[in-house]
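This is what each chain is made of:
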Amino acid sequence: MPQNSVIVEIRAGAGGDEAGLFAADLYRMYSKYAVSQGWTLNTLDSHPTDIGGFKQIVFELKGENTYDKMQHEGGVHRVQRIPKTEKQGRVHTSTASVAVLLKPKEAEIKINPNDIKLDVYKSSGPGGQYVNKRMTAVRITHLPTGIVITSQTERNLQQNKESALAILQAKLLEKKEMERAEGLSEKRKEQIKWAKRAEKIRTYNFPQDRVTDHRIKKSFHDIEGITSGKLDKLIKTLTKNS
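**Student:** Go over the layout of surface pockets with me, naming the residues and quoting the values.
**Tutor:** Approximately 410 Å³ is the volume attributed to the largest pocket. Residue lining of the largest pocket: 20 residues in total, with Lys103, Pro104, Glu106, Ala166 and Gln169 positioned closest to the centre. Where the lining of the largest pocket is concerned, the elements lending two or more residues are β1 (3-12), β2 (40-48), β3 (54-64) and α3 (157-182). Looking at the lining of the largest pocket, the element that brings in the most residues is α3, giving six residues. Along the lines of polarity and charge, the residues of the lining of the largest pocket split into six nonpolar, seven polar and seven charged.

So, in C-alpha coordinates, the structure goes:
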(Lines give C-alpha, C1' and ligand atoms only; values in the text may rest on other atoms or scores of the structure.)
Protein backbone atom coordinates (compact mmCIF):
# COMPACT_ATOMS: atom_id res chain seq x y z
CA MET A 1 0.00 0.00 0.00
CA PRO A 2 1.47 3.39 -0.95
CA GLN A 3 2.22 5.70 1.98
CA ASN A 4 1.72 9.36 1.21
CA SER A 5 0.57 12.66 2.65
CA VAL A 6 -1.98 15.22 1.53
CA ILE A 7 -2.55 18.76 2.71
CA VAL A 8 -6.23 19.67 3.01
CA GLU A 9 -7.37 23.30 3.13
CA ILE A 10 -10.97 24.12 4.15
CA ARG A 11 -12.23 27.69 3.75
CA ALA A 12 -15.61 29.09 4.77
CA GLY A 13 -17.47 30.49 1.75
CA ALA A 14 -20.86 32.19 1.39
CA GLY A 15 -23.12 32.18 4.44
CA GLY A 16 -21.41 34.15 7.22
CA ASP A 17 -21.19 32.46 10.63
CA GLU A 18 -23.01 29.36 9.36
CA ALA A 19 -20.35 28.87 6.64
CA GLY A 20 -17.68 28.90 9.36
CA LEU A 21 -19.61 26.27 11.34
CA PHE A 22 -19.95 24.16 8.17
CA ALA A 23 -16.17 24.43 7.60
CA ALA A 24 -15.71 23.09 11.17
CA ASP A 25 -18.17 20.25 10.41
CA LEU A 26 -16.18 19.27 7.31
CA TYR A 27 -12.98 19.30 9.38
CA ARG A 28 -14.64 17.02 11.96
CA MET A 29 -15.90 14.72 9.19
CA TYR A 30 -12.43 14.32 7.68
CA SER A 31 -10.83 13.96 11.15
CA LYS A 32 -13.15 11.06 12.02
CA TYR A 33 -12.64 9.48 8.60
CA ALA A 34 -8.86 9.74 9.14
CA VAL A 35 -9.19 7.89 12.48
CA SER A 36 -11.21 5.12 10.78
CA GLN A 37 -8.45 4.76 8.15
CA GLY A 38 -5.60 4.71 10.69
CA TRP A 39 -4.15 7.96 9.31
CA THR A 40 -2.45 10.66 11.37
CA LEU A 41 -3.73 14.24 11.28
CA ASN A 42 -1.56 17.28 11.94
CA THR A 43 -3.11 20.77 11.95
CA LEU A 44 -0.85 23.24 10.12
CA ASP A 45 -2.89 26.45 10.39
CA SER A 46 -6.30 27.51 11.70
CA HIS A 47 -8.35 30.70 11.97
CA PRO A 48 -11.29 30.05 14.33
CA THR A 49 -14.48 32.14 14.52
CA ASP A 50 -16.18 33.47 17.66
CA ILE A 51 -18.85 30.75 17.70
CA GLY A 52 -16.77 27.61 17.17
CA GLY A 53 -16.35 27.60 13.40
CA PHE A 54 -13.36 28.19 11.14
CA LYS A 55 -12.68 30.90 8.59
CA GLN A 56 -9.95 28.57 7.38
CA ILE A 57 -8.19 25.43 8.57
CA VAL A 58 -5.28 23.60 6.94
CA PHE A 59 -4.14 20.13 7.99
CA GLU A 60 -1.97 17.25 6.83
CA LEU A 61 -3.23 13.66 6.54
CA LYS A 62 -0.59 10.96 6.47
CA GLY A 63 -0.97 7.22 5.92
CA GLU A 64 -1.89 4.56 3.38
CA ASN A 65 -3.63 5.73 0.20
CA THR A 66 -4.44 9.20 1.56
CA TYR A 67 -4.28 10.81 -1.88
CA ASP A 68 -6.22 8.02 -3.65
CA LYS A 69 -9.05 8.32 -1.14
CA MET A 70 -9.08 12.11 -0.63
CA GLN A 71 -8.43 13.38 -4.18
CA HIS A 72 -12.17 13.61 -5.03
CA GLU A 73 -12.96 15.86 -2.02
CA GLY A 74 -11.58 19.04 -3.64
CA GLY A 75 -14.24 21.56 -4.69
CA VAL A 76 -17.13 23.58 -3.27
CA HIS A 77 -19.28 21.81 -0.68
CA ARG A 78 -22.76 23.20 0.04
CA VAL A 79 -24.95 22.70 3.11
CA GLN A 80 -28.72 23.24 3.42
CA ARG A 81 -30.03 23.25 6.99
CA ILE A 82 -31.61 25.36 9.72
CA PRO A 83 -28.70 27.10 11.51
CA LYS A 84 -28.58 27.10 15.30
CA THR A 85 -28.72 30.90 15.11
CA GLU A 86 -31.93 30.91 13.00
CA LYS A 87 -35.01 32.01 15.01
CA GLN A 88 -37.66 31.55 12.28
CA GLY A 89 -36.84 27.93 11.42
CA ARG A 90 -35.78 28.79 7.86
CA VAL A 91 -33.38 26.60 5.89
CA HIS A 92 -30.17 28.43 4.91
CA THR A 93 -27.66 27.53 2.22
CA SER A 94 -23.94 27.99 2.98
CA THR A 95 -20.74 26.88 1.31
CA ALA A 96 -17.16 25.93 2.10
CA SER A 97 -14.37 25.12 -0.33
CA VAL A 98 -11.98 22.20 0.07
CA ALA A 99 -8.59 21.90 -1.63
CA VAL A 100 -6.65 18.62 -1.51
CA LEU A 101 -2.95 19.02 -2.31
CA LEU A 102 -0.46 16.20 -2.63
CA LYS A 103 2.46 16.86 -0.29
CA PRO A 104 5.65 16.83 -2.40
CA LYS A 105 8.51 14.49 -1.63
CA GLU A 106 11.63 16.23 -0.25
CA ALA A 107 13.44 16.54 -3.58
CA GLU A 108 10.37 17.42 -5.66
CA ILE A 109 9.98 21.11 -4.83
CA LYS A 110 13.01 23.08 -3.72
CA ILE A 111 12.43 26.58 -2.32
CA ASN A 112 15.24 29.10 -2.60
CA PRO A 113 15.49 30.96 0.76
CA ASN A 114 16.06 34.19 -1.22
CA ASP A 115 12.61 33.74 -2.80
CA ILE A 116 10.70 34.05 0.46
CA LYS A 117 9.86 36.98 2.72
CA LEU A 118 9.19 35.96 6.32
CA ASP A 119 7.03 38.05 8.69
CA VAL A 120 6.58 37.12 12.36
CA TYR A 121 3.63 38.25 14.50
CA LYS A 122 1.49 37.27 17.51
CA SER A 123 -1.06 34.47 17.08
CA SER A 124 -4.67 35.64 17.21
CA GLY A 125 -7.79 33.72 18.21
CA PRO A 126 -11.52 34.33 17.69
CA GLY A 127 -12.42 38.01 17.59
CA GLY A 128 -8.81 38.95 16.89
CA GLN A 129 -7.54 38.77 20.49
CA TYR A 130 -3.96 37.60 20.89
CA VAL A 131 -3.65 34.04 22.21
CA ASN A 132 0.10 34.08 22.69
CA LYS A 133 2.21 36.92 24.04
CA ARG A 134 5.26 35.81 22.04
CA MET A 135 5.79 36.38 18.32
CA THR A 136 5.25 32.80 17.10
CA ALA A 137 2.90 33.15 14.12
CA VAL A 138 4.48 33.37 10.67
CA ARG A 139 3.52 34.73 7.28
CA ILE A 140 5.56 33.54 4.31
CA THR A 141 5.35 35.35 0.97
CA HIS A 142 6.78 33.50 -2.03
CA LEU A 143 8.10 36.42 -4.07
CA PRO A 144 8.19 34.80 -7.56
CA THR A 145 4.51 33.72 -7.41
CA GLY A 146 2.98 36.06 -4.81
CA ILE A 147 1.58 33.08 -2.85
CA VAL A 148 1.08 34.01 0.83
CA ILE A 149 0.92 31.33 3.56
CA THR A 150 0.29 31.80 7.28
CA SER A 151 0.71 29.42 10.20
CA GLN A 152 -0.07 30.10 13.85
CA THR A 153 -1.23 26.77 15.30
CA GLU A 154 1.92 25.85 17.22
CA ARG A 155 3.35 27.80 20.17
CA ASN A 156 6.78 27.49 18.62
CA LEU A 157 8.03 29.80 15.84
CA GLN A 158 10.17 27.14 14.13
CA GLN A 159 7.27 24.63 13.96
CA ASN A 160 4.96 27.27 12.49
CA LYS A 161 7.63 28.13 9.91
CA GLU A 162 7.97 24.44 8.95
CA SER A 163 4.18 24.11 8.66
CA ALA A 164 3.97 27.20 6.43
CA LEU A 165 6.78 25.91 4.20
CA ALA A 166 5.02 22.51 3.89
CA ILE A 167 1.82 24.26 2.71
CA LEU A 168 3.82 26.44 0.30
CA GLN A 169 5.57 23.41 -1.23
CA ALA A 170 2.21 21.69 -1.80
CA LYS A 171 0.80 24.83 -3.46
CA LEU A 172 3.86 25.17 -5.69
CA LEU A 173 3.52 21.52 -6.75
CA GLU A 174 -0.16 22.12 -7.56
CA LYS A 175 0.75 25.24 -9.59
CA LYS A 176 3.39 23.26 -11.50
CA GLU A 177 0.90 20.48 -12.29
CA MET A 178 -1.79 22.94 -13.41
CA GLU A 179 0.68 24.71 -15.71
CA ARG A 180 1.63 21.33 -17.15
CA ALA A 181 -2.06 20.57 -17.67
CA GLU A 182 -2.47 23.71 -19.80
CA GLY A 183 -0.48 22.00 -22.55
CA LEU A 184 -2.52 18.80 -22.45
CA SER A 185 -5.64 17.72 -24.31
CA GLU A 186 -9.12 18.51 -22.95
CA LYS A 187 -9.67 14.84 -22.05
CA ARG A 188 -6.47 14.73 -19.99
CA LYS A 189 -7.37 18.02 -18.30
CA GLU A 190 -10.66 16.44 -17.20
CA GLN A 191 -8.69 13.73 -15.43
CA ILE A 192 -6.65 16.19 -13.38
CA LYS A 193 -8.90 16.47 -10.36
CA TRP A 194 -7.23 19.40 -8.60
CA ALA A 195 -7.76 21.64 -11.65
CA LYS A 196 -11.50 21.44 -10.91
CA ARG A 197 -11.42 22.89 -7.39
CA ALA A 198 -13.82 25.76 -8.10
CA GLU A 199 -16.78 23.53 -8.99
CA LYS A 200 -19.71 22.80 -6.68
CA ILE A 201 -19.24 19.09 -6.06
CA ARG A 202 -21.57 18.10 -3.21
CA THR A 203 -24.69 19.21 -1.31
CA TYR A 204 -25.49 18.16 2.26
CA ASN A 205 -29.27 18.57 2.70
CA PHE A 206 -30.13 18.02 6.38
CA PRO A 207 -33.96 18.42 6.22
CA GLN A 208 -34.08 15.65 3.57
CA ASP A 209 -31.30 13.49 5.16
CA ARG A 210 -29.51 13.46 1.82
CA VAL A 211 -25.96 13.98 0.55
CA THR A 212 -25.79 14.47 -3.23
CA ASP A 213 -22.58 14.27 -5.22
CA HIS A 214 -23.20 16.33 -8.36
CA ARG A 215 -20.34 14.82 -10.37
CA ILE A 216 -21.82 11.34 -10.37
CA LYS A 217 -25.45 12.54 -9.93
CA LYS A 218 -25.96 10.19 -7.00
CA SER A 219 -27.52 10.71 -3.57
CA PHE A 220 -26.73 8.99 -0.27
CA HIS A 221 -28.78 8.90 2.94
CA ASP A 222 -27.67 8.85 6.62
CA ILE A 223 -26.31 12.41 6.59
CA GLU A 224 -25.46 12.21 10.33
CA GLY A 225 -23.32 9.15 9.73
CA ILE A 226 -21.60 10.66 6.69
CA THR A 227 -20.79 13.92 8.47
CA SER A 228 -19.45 11.82 11.36
CA GLY A 229 -16.81 10.35 9.06
CA LYS A 230 -18.57 7.39 7.43
CA LEU A 231 -17.33 8.30 3.96
CA ASP A 232 -16.41 4.84 2.66
CA LYS A 233 -19.50 4.39 0.46
CA LEU A 234 -19.11 7.85 -1.14
CA ILE A 235 -15.39 7.48 -1.70
CA LYS A 236 -15.69 3.98 -3.18
CA THR A 237 -18.43 5.13 -5.56
CA LEU A 238 -16.40 8.19 -6.67
CA THR A 239 -13.27 6.07 -7.18
CA LYS A 240 -15.23 3.55 -9.27
CA ASN A 241 -16.77 6.31 -11.43
CA SER A 242 -13.60 8.37 -11.96
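After that view of the structure, there is still more to cover.
**Student:** Just give me the short version of helix α6 (residues 232-241), but keep the residues and values in it.
**Tutor:** Turning to α6, its buried residues are Leu234, Ile235, Thr237 and Leu238. Seen end-on, α6 carries its buried residues on one side only, within an arc spanning 165°. Among the exposed residues of α6, those pointing more than 90 degrees away from its buried face are Lys233, Lys236 and Lys240. Looking at the packing, one finds that the buried side of α6 touches α1 (16-37), α2 (66-70), β9 (200-205), β10 (210-213), β11 (218-220) and α5 (223-227).

**Student:** Which residues make up α1, and what values go with them?
**Tutor:** The end-to-end C-alpha separation of α1 is 32 Å, in line with the 32 Å expected for 22 residues at 1.5 Å each. One or two residues past the end of α1 sits Gly38, with phi positive at roughly 75°.

**Student:** Which residues make up the sheet that holds strand β6 (residues 116-121), and what are the values?
**Tutor:** Across the sheet, which stays open at both edges, the three strands sit in the order β6-β7-β8 with antiparallel pairing between neighbours. On the outer flanks of this sheet lie β6 and β8 (147-151), each paired with one strand and no other. This sheet shows a mean twist of 15° between the axes of neighbouring strands, independent of strand direction. Pairing of strand β7 (residues 137-142) with β8, which is carried by five bridges, proceeds in the antiparallel orientation. Bridge pairing in β8 links Val138 to Ser151.

Cut-offs and rules
Residues numbered from 1 in each chain as written. Predicted model: local features only at pLDDT ≥ 70, side-chain atom pairs only at ≥ 80, totals over all residues. Heavy atoms only, no water. 1 Å grid on protein atoms, 1.4 Å probe; cavity = no way out; pocket = protein on both sides within 12 Å on 5 of 7 lines; lining within 4 Å. Points joined across faces, edges and corners; volume = space filled by probe spheres on them. Helix = DSSP H or I, 4+ residues; strand = E, 2+ residues; numbered from the N terminus. Nonpolar A, V, L, I, M, F, W, Y, C, P; charged D, E, K, R; others polar. Buried < 20%, exposed > 50% of the residue type's maximum accessible area, 1.4 Å probe, protein only. Arc of directions from axis to C-beta. Contact = heavy atoms within 4.5 Å. Expected span 1.5 Å × (residues − 1). Pairing = 2+ DSSP bridges. Axes fitted to C-alpha atoms, helices over the stretch in contact; angles between N-to-C directions.

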